[in-house]
Amino acid sequence: MIQRLQEVLAFEGRRIDYRKGQPFLIEYDPDEPARPQRVELKVAITDIVSDPDLARAVQLRLDEAGICQEHGAYTSAVIMLGSLLEGVLVHAADVRTAAVPLTRPARDTRLQELIQHAHANQWIDQDAKMASDLLRIYRNLVHPLAEKRAKHSADFDTADLCWSTVNAVLNDLAASNPQ
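It should be emphasised that the depicted structure is a prediction, and the values quoted were computed from it without experimental measurement.

Participant: I tried to follow the environment of Ala10 on my own but got confused; where do I start?
Facilitator: You can see Ala10 is positioned in helix α1 (residues 2-10). Classification of Ala10 by relative accessible area gives partly exposed; the value is 24%. For the pair Ala10 and Asp108, spaced 98 residues apart in the sequence, the C-alpha separation amounts to 49 Å.

Following this line, the structure appears as structure tokens:
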């Protein structure tokens, strides 16, 4: 129904946009390209995640994050992207040979340590590590009290930064994958 409404409104140079989860009628130029993401995902999830069931779950999170972003649910998009990041880093820690091992099983390791582990083993570059640390902080906005303390809510730019981070990490993991 929303898609059909968007098509009808496009004839009038308008569309429904979402800000903080609320619909707004805005001016719209159908010839204007959508705002691009800063870092393009150049690989498929299956290039990174060898377990088919986990690959499906990770792809679903990627798809859901896109839906959230498109409809102005920026906090939800960030949470999905943080969950995806954690899932692929746990998988990498479980299946890859590590020169620098974890001190406990990957599934019991915090995201901060997983990020450090991936960087220490040269699976992700320094830029992806630093940005992942920021994504981890934003992902913690899942807790309303953390959001209150931060005095910040996710917006389009926050989610866009997180998309770029996830894309960079996935690209790095694929490039460093020995298979």
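Participant: Explain the packing of aromatic side chains here, please?
Facilitator: Each pair of aromatic rings is reported with the distance of its centres and the angle of its planes. Applying the stated criterion across every chain, the model contains one aromatic pair. Relative to Phe156, the ring of Tyr74 lies with its centre 6.1 Å away and its plane at 90°, an arrangement referred to as edge-to-face. Of this pair, Tyr74 sits in helix α3 (residues 74-95) while Phe156 sits in helix α7 (residues 156-176), and the two are 82 residues apart along the sequence. The lysine or arginine in question, Arg96, covers the ring of Trp123, its NZ or CZ lying 5.3 Å from the ring centre.

Participant: Can you help me understand the nonpolar core in this one?
Facilitator: The tendency in soluble globular proteins is for nonpolar side chains to be buried as a group. Formed by 41 residues in total, the largest nonpolar core has its most connected members in Leu89 and Leu173. Looking at this core, the elements that each hand over two or more residues are α2 (52-70), α3, α4 (111-120), α5 (126-139) and α7. Element by element, the count of residues in this core is highest for α3, at 12 residues. Setting aside residues no more than four positions away along its own chain, Leu89 makes contact with Leu111, Leu114, Ile115, Ala118, Val169 and Leu173.

The rules we used
- Residues numbered from 1 in each chain as written.
- Predicted model: local features only at pLDDT ≥ 70, side-chain atom pairs only at ≥ 80, totals over all residues.
- Heavy atoms only, no water.
- Helix = DSSP H or I, 4+ residues; strand = E, 2+ residues; numbered from the N terminus.
- Buried < 20%, exposed > 50% of the residue type's maximum accessible area, 1.4 Å probe, protein only.
- Phe/Tyr/Trp six-rings, centres within 6.5 Å; stacked < 30°, edge-to-face > 60°.
- Lys NZ or Arg CZ within 6 Å of the ring centre and 35° of its normal.
- Core = buried A, V, L, I, M, F, W, Y, C linked by side-chain atoms within 4.5 Å.
- Contact = heavy atoms within 4.5 Å.

Limitation: the analysis is restricted to geometry and does not speak to function.
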